[in-house]
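Understanding the architecture of this molecule
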2 protein chains.
Amino acid sequence: MHAVLQPRRKTRVVHVGQVPVGGDHPVRVQSMTTTDTRDVDTTVAQITALARAGCEIVRVAVPDAQAAAALASICRQSPLPVIADIHFDGRLAVAAAEAGVAGLRINPGNIGAQLERVVDAARAAAIPIRVGANSGSIPKDILHQCGGPTPEALVEAALRHVRLLEDHGFAAIKISLKSSSVPVTVAAYRRMSTLVDYPLHLGVTEAGTPLRGAVKSALGIGMLLAEGIGDTLRVSLTGDPLREMTVAWEILGALGLRRRGPEIVSCPTCGRTEIDLEGLVDAVEKHLAKIADVFTVAVMGCVVNGPGEAREADIGIAGGRGCGVIFKKGNVVRKVHGESMIPAFLEELDRFLAERRSV
Amino acid sequence: MHAVLQPRRKTRVVHVGQVPVGGDHPVRVQSMTTTDTRDVDTTVAQITALARAGCEIVRVAVPDAQAAAALASICRQSPLPVIADIHFDGRLAVAAAEAGVAGLRINPGNIGAQLERVVDAARAAAIPIRVGANSGSIPKDILHQCGGPTPEALVEAALRHVRLLEDHGFAAIKISLKSSSVPVTVAAYRRMSTLVDYPLHLGVTEAGTPLRGAVKSALGIGMLLAEGIGDTLRVSLTGDPLREMTVAWEILGALGLRRRGPEIVSCPTCGRTEIDLEGLVDAVEKHLAKIADVFTVAVMGCVVNGPGEAREADIGIAGGRGCGVIFKKGNVVRKVHGESMIPAFLEELDRFLAERRSV
């Protein structure tokens, strides 16, 4: 029976601006803006919000020359290294590199004769290139050879791009292999991790609405991370990218790889619950939304398992029949009643945070 | 490199009402009501809603004699087999068995001399008993021996209950091992699966708010299912248990173990998106909420990867610049514009469903 968390696979290190990716560096959390890149202010505002929520590297779409022209200003104001996401047009990649982006996401196989100029620009700017295969855009000959968008097809499609860069003596490469199928994703990254030592960017593509997407991303990304595979990740959810941060950090936290902010454990409620647990959990989550300190909070609505769980947490409350008991490090510190339960617990949370910060 | 999905571990079969659990039977989806069990109508209404959303076995809390007295009426009206969740009080378990429940959730070690009567009642009713350990309620001597709520401690705590039932010649047992830690959960079930062949009920306890809880459950439950471990599962989320069904079925579907309802793949949107993708996805998800048919729908906001993904789906739409292309099985069937995009796609979905049902 192997350990739940296997040792990290060794990869070489590439630098995305100030952020090293791969090797023994922490698994990085990425996202992608949903704003119009040509709108500098709105884009920088979203990047800033993502940074506050724990994003470490951000990608922006660069669909045209106007978007490329906005990059210099975005990069100057961005608190995070910015990666330019470009399809088909090598001139946009050269412009992005010259504008000061920290990385390029482009597939060398799609830009023909422009490749040499793109590689030269990336080398001059000392920035990496992420190449990748997406199950929706695998070349026809590979699809034919592999019998469909299989893990082998994804790996071969990505390696084709890798080889083009290697042929130009360029090695600052990251690789992604994206499918909307979890088993295909897992098998593809596993295979790639045995073939190359470039850092791997994990993601399940087109993962869908938040709740479903969180499940698919947790499964696909989480199974790989547990096997020691993956150097950076992006959770893809339709909608506000801030939610991607919640899911990304929860995956890393649940596996014990990295933590950011408090872990809130709460019981699912049942017919035994006699307090407004959902209201209490919501209040606690909102109250702690911007706290990056690492500790555990238990919010329990049950006198059966509640005290046991609350006792294990750094701070916790176990409620029942209109009253609650607040624990700190296993000791009862206060009993609270009725309406005062929520404000009293938030007050104890603040006191707990003040105390731990003053140590 | 082992397969992503390992063969299912062989367990013996127990019957929860009409629903067989274990052996080669599908991994079952369970939930627990959040209503007051004494309120029969509200409880039956929630069970009925859960059944429509894909729940196969439901648990209700039985905290007192009044709740036990409500069980006969609940069981008579419930579309699902009902399991009575009881702590400490063997008399409630006997009453529940006599009231017609399809299973008991009770820990034999907690009911002292009443155990024999409970076992007799379960045997007379031909119903199984689920025993389990929760990291919040492990006996002190085991905690001391194992140095805390470790996987070994969880397994030993559960086995103590199992042995008490075996001593009474009772073998219709299911086992759960619940922790709020994903690695502890995974290690505990792995260990248990090597020691006994009773069906295992999977769950990560106190998983928290929906998005975080979905991540933890997907990781803990999903990693085990991928290893072939687990015969029935419950996703614990604070709040409305209907959301637990979405997550449970998404875990099973994403791993390719079981499917219920359409799989909706949608892209995460980016600066390249030129349509209201989130609105379109929401409309599709709502439109298909009650459909149990199994097929794939792609809702893509991008002209780069969109058509490729949409082509792989049974039905899909790829939109950009205020217009969209609808695909069925890889063929373009219709082009739509502006405001009419959502109603036109929903219309095509209905047509698609009517056609596939008429085959």
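**Here we look at the overall build of chain A**
- Broken down by element type, chain A carries twelve helices and 15 strands.
- Counting only C-alpha atoms and orienting by the principal axes, one finds that chain A spans roughly 75 × 50 × 35 Å.
- Counting only contacts in chain A whose residues sit at least 6 apart along the sequence, the fraction spanning at least 24 positions is 62%.
- Looking at chain A as shown, the accessible area adds up to about 13300 Å², and 51% of this sits on carbon and sulfur atoms.

**Looking at the nonpolar core**
- Membership of the largest hydrophobic core comes to 174 residues, with the highest contact counts inside it found for A:Leu104, A:Ile175, B:Leu104 and B:Ile175.
- Beyond its immediate chain neighbours, meaning those up to four positions away, B:Ile175 contacts B:Val131, B:Ala158, B:Val162, B:Tyr189, B:Met192, B:Val196, B:Tyr198, B:Pro199, B:Leu200 and B:His201.

**Observations concerning the packing of helix H8 (residues 210-226) of chain B against helix H9 (residues 242-254) of chain B**
Residues and elements named next belong to chain B.
- Contact pair H8 / H9: the axes reach a minimum separation of 10 Å and the direction vectors enclose 35 degrees. In the packing of H8 onto H9, the handedness of the crossing is right-handed. Between H8 and H9, the contacting residues are Pro210, Ala214, Ser217, Ala218, Ile221, Gly222 and Leu225 on the first element and Arg243, Val247, Ile251 and Leu252 on the second.
- Grouping the constituent residues of the contact of H8 with H9 by class yields eight nonpolar, two polar and one charged.

**Some remarks on the sheet that holds strand S4 (residues 57-61) of chain B**
All names here are of chain B.
- The strand order around the closed barrel built from eight strands is S3-S4-S5-S6-S7-S8-S9-S10, with neighbouring strands paired in parallel fashion. In this sheet, adjacent strand axes meet at a mean angle of 25 degrees when their direction is disregarded.
- When strand S3 (residues 28-32) meets strand S10 (residues 232-234), the two strands line up parallel, connected through three bridges. Paired with Gln30 across the strands is Arg234, a residue of S10.
- Strands S3, S4 and strand S5 (82-85) of the sheet are contacted by helix H1 (residues 40-52), whose axis makes an angle of about 155 degrees with S4.

**Focus on the interface of chain A and chain B**
- Across the boundary between the two partners, chain A contributes 78 residues, which contact 78 residues of chain B.
- Between chain A and chain B the total buried area reaches about 6500 Å² when both faces are included, carbon and sulfur atoms providing 62% of it.
- Viewed at the interface, chain B and chain A are joined by eight salt bridges.
- Of the charged contacts in the structure, one is a salt bridge between A:Lys216 and B:Glu263, with a shortest N-O distance of 2.9 Å.
- On the surface where chain A and chain B come into contact, there are ten residue pairs in polar contact (both at pLDDT 80 or more).
- Secondary-structure elements contributing two or more residues to the side of chain A that touches chain B are helix H7 (182-195), helix H8 (210-226), helix H9 (242-254), strand S11 (263-266), helix H10 (277-287) and helix H11 (306-312) of chain A.

**Description of the pairing of strand S13 (residues 315-320) of chain B**
All names here are of chain B.
- Within S13, six of the six residues are buried, leaving the element largely enclosed by the surrounding structure.
- In S13, alternate side chains face the same way, and those of Ile315, Ile317 and Gly319 on one face and Gly316, Ala318 and Gly320 on the other are all buried.
- Of the strand pairs in this sheet, strand S12 (residues 296-300) and S13 are connected by four bridges, and their pairing is parallel. Following the sheet pairing, Met300 is matched in S13 by Ala318.
- Here S13 folds back onto strand S14 (residues 323-328), and the loop between the two strands holds two residues, one of which, Arg321, carries a positive phi near 45 degrees.

**Comments concerning the packing of aromatic side chains**
Residues and elements named next belong to chain A.
- The tally for this structure, following the rule as stated, stands at two aromatic pairs over all chains.
- Consider the rings of Phe295 and Phe352, whose centres lie 5.0 Å apart with planes at 55 degrees: the pair is tilted. With Phe295 in the loop between H10 and strand S12 (296-300) and Phe352 in helix H12 (residues 341-358), the pair connects residues that are 57 residues apart, well separated along the chain. Across the pair, exposure class does not vary: Phe295 and Phe352 are buried alike.

**Describing the pattern of salt bridges**
- Counted by the stated rule, this structure contains 55 salt bridges over all chains.
- Via salt bridges that share partners, B:Lys328, B:Arg334, B:Glu347, B:Glu348, B:Arg351 and B:Glu355 belong to a single interconnected network.

**A few points about the sheet that holds strand S10 (residues 232-234) of chain A**
All names here are of chain A.
- If you walk around this closed barrel you meet the eight strands as S3-S4-S5-S6-S7-S8-S9-S10, and the pairing is parallel. In this sheet, adjacent strand axes meet at a mean angle of 25 degrees when their direction is disregarded.
- In the sheet, strand S7 (residues 129-134) pairs with strand S8 (residues 173-178) via six bridges, with the strands oriented parallel. Bridged to Asn134 within S8 is Lys178.

**A closer look at the relation of the copies chain A and chain B**
- Structural alignment of chain A on chain B gives an RMSD of 0.0 Å, achieved by rotating through 180 degrees and translating 0.0 Å along the axis. Those values place the two copies in the arrangement expected of a two-fold rotation axis.
- In this assembly the copies share their binding face: 100% of the residues contributing to the interface of chain A also contribute to that of chain B.

**Looking at the side chain of B:Glu244**
- Following the sequence through the fold, B:Glu244 ends up in helix H9.
- A polar contact is formed between the side chain of B:Glu244 and the backbone nitrogen of B:Leu237, at a distance of 3.3 Å.

**Looking at the environment of B:Gly316**
All names here are of chain B.
- Position of Gly316 relative to the elements: it lies in strand S13.
- Sequence spacing of Gly316 and Gln6 is 310 residues, and the spatial spacing of their C-alpha atoms is 32 Å.
- Aside from chain neighbours lying at most four places away, what touches Gly316 is Ala298, Ala310, Val325, Ile326, Phe327 and Phe345.

**Thoughts on the side chain of A:Glu250**
- Looking at the secondary structure, you find A:Glu250 in helix H9.
- Judged by its relative accessible area of 11%, A:Glu250 is buried.
- A polar side-chain atom of A:Glu250 sits 3.0 Å from a polar atom in the side chain of B:Arg212.
- Not counting the four nearest positions on each side in its chain, A:Glu250 is found in contact with B:Arg212, B:Val215 and B:Lys216.

**Here we look at the pairing of strand S11 (residues 263-266) of chain B**
All names here are of chain B.
- Burial along S11 is two-sided: Glu263 and Val265 and Ile264 and Ser266, pointing in opposite directions, are all buried.
- Pairing geometry for S11 and S12, over four bridges, is parallel. Its bridge partner being in S12, Val265 is matched across the sheet by Ala298.

**Digging into H1(B)**
All names here are of chain B.
- Taking 1.5 Å per residue, 13 residues should reach 18 Å; H1 reaches 18 Å between its end C-alpha atoms and fits that length.
- Within the sequence span of H1, burial applies to Val40, Thr43, Val44, Gln46, Ile47 and Leu50. Looking straight down H1, one finds that the buried residues subtend no more than 160 degrees of arc, so they occupy a single side. Opposite the buried face of H1, at more than 90 degrees from it, the exposed residues are Asp41 and Arg52.

**A few points about H12(A)**
All names here are of chain A.
- Its 18 residues give H12 an end-to-end C-alpha distance of 26 Å, which sits within 8% of 26 Å, the value for a rise of 1.5 Å per residue.
- Along H12, the residues that are buried comprise Met341, Ala344, Phe345, Leu346, Glu348, Leu349, Phe352 and Leu353.
- Looking at the buried residues of H12, the elements they touch are H10, S12, strand S13 (315-320), strand S14 (323-328) and strand S15 (331-337).

**Concerning unusual backbone geometry**
- Phi angles above zero are rare outside glycine, and A:Lys329 is one such case at about 50 degrees.
- As for its placement among the helices and strands, A:Lys329 is situated in the loop between S14 and S15.

**Here's the deal with the environment of A:Lys290**
- Take A:Lys290: it is sitting in the loop between H10 and S12.
- Separated by 136 residues in sequence, A:Lys290 and A:Leu154 have C-alpha atoms that sit 39 Å apart.

**Side note on the environment of A:Ile326**
Residues and elements named next belong to chain A.
- When you line up the elements, Ile326 lands in strand S14.
- Of the residues examined, Ile326 reaches a relative accessible area of 0% and is grouped as buried.
- With 316 residues separating them in the primary sequence, Ile326 and Lys10 have C-alpha atoms 45 Å apart.

Basis of the calculations
Throughout this document, residue positions are counted from 1 along each chain, in the order its sequence is written. Both sets of labels track the order of writing: A upward for chains, 1 upward for ligands. With the structure being a predicted model, the display of local features is reserved for residues of pLDDT at least 70 and the display and counting of side-chain atom pairs for 80 or more, all residues being used for whole-chain, interface and lining totals. Note: side-chain values were computed over all heavy atoms of the structure, leaving out hydrogens and water. Numbering of helices and strands runs from the N terminus, with a helix taken as a DSSP run of H or I at least four residues long and a strand as a DSSP run of E at least two residues long. Here, residues are in contact when the closest pair of their heavy atoms is within 4.5 Å. Computed with a 1.4 Å probe, the accessible areas rest on the Shrake-Rupley method; for each residue, only the protein chains presented here act as cover. By nonpolar core we mean a set of buried residues, namely Ala, Val, Leu, Ile, Met, Phe, Trp, Tyr and Cys, connected to one another through side-chain atoms within 4.5 Å. Exposure classes here rest on a 1.4 Å probe applied to the protein chains alone. A residue is buried below 20% of its type maximum, exposed above 50%, and partly exposed in between. To obtain an axis, a line is fitted to C-alpha atoms, over the contacting stretch when the element is a helix, and the angle between two such axes runs from 0 to 180 degrees between their N-to-C directions. Definitions for this section: a left-handed crossing has its near helix turned counterclockwise from the far helix by less than a right angle. A right-handed crossing has that turn clockwise. Residue classes follow a fixed rule: Ala, Val, Leu, Ile, Met, Phe, Trp, Tyr, Cys and Pro count as nonpolar, while Asp, Glu, Lys and Arg count as charged, and any other residue, Gly among them, counts as polar. Between any two strands, at least two bridges found by DSSP are needed for them to pair. Note on terms: buried area is the combined drop in 1.4 Å-probe accessible area of two parts once they are placed together, counting the loss on both. When a carboxyl oxygen of Asp or Glu is within 4 Å of a side-chain nitrogen of Lys or Arg, the pair counts as a salt bridge. Here a polar contact means two N or O atoms within 3.5 Å. Within protein one must be a hydrogen donor candidate and the other an acceptor candidate, and residues neighboring in sequence count only if both atoms are side-chain atoms. Paired rings are identified among Phe, Tyr and Trp, the last through its six-membered ring, by centres lying within 6.5 Å, and are further divided according to the angle between planes into stacked (under 30 degrees), edge-to-face (over 60) and tilted (the rest). Only residues with pLDDT of at least 70 in both copies contribute their C-alpha atoms to the least-squares superposition of the copies. What a helix should span is 1.5 Å times the count of its residues minus one. This arc is built from the directions going out from the helix axis to the C-beta atoms.

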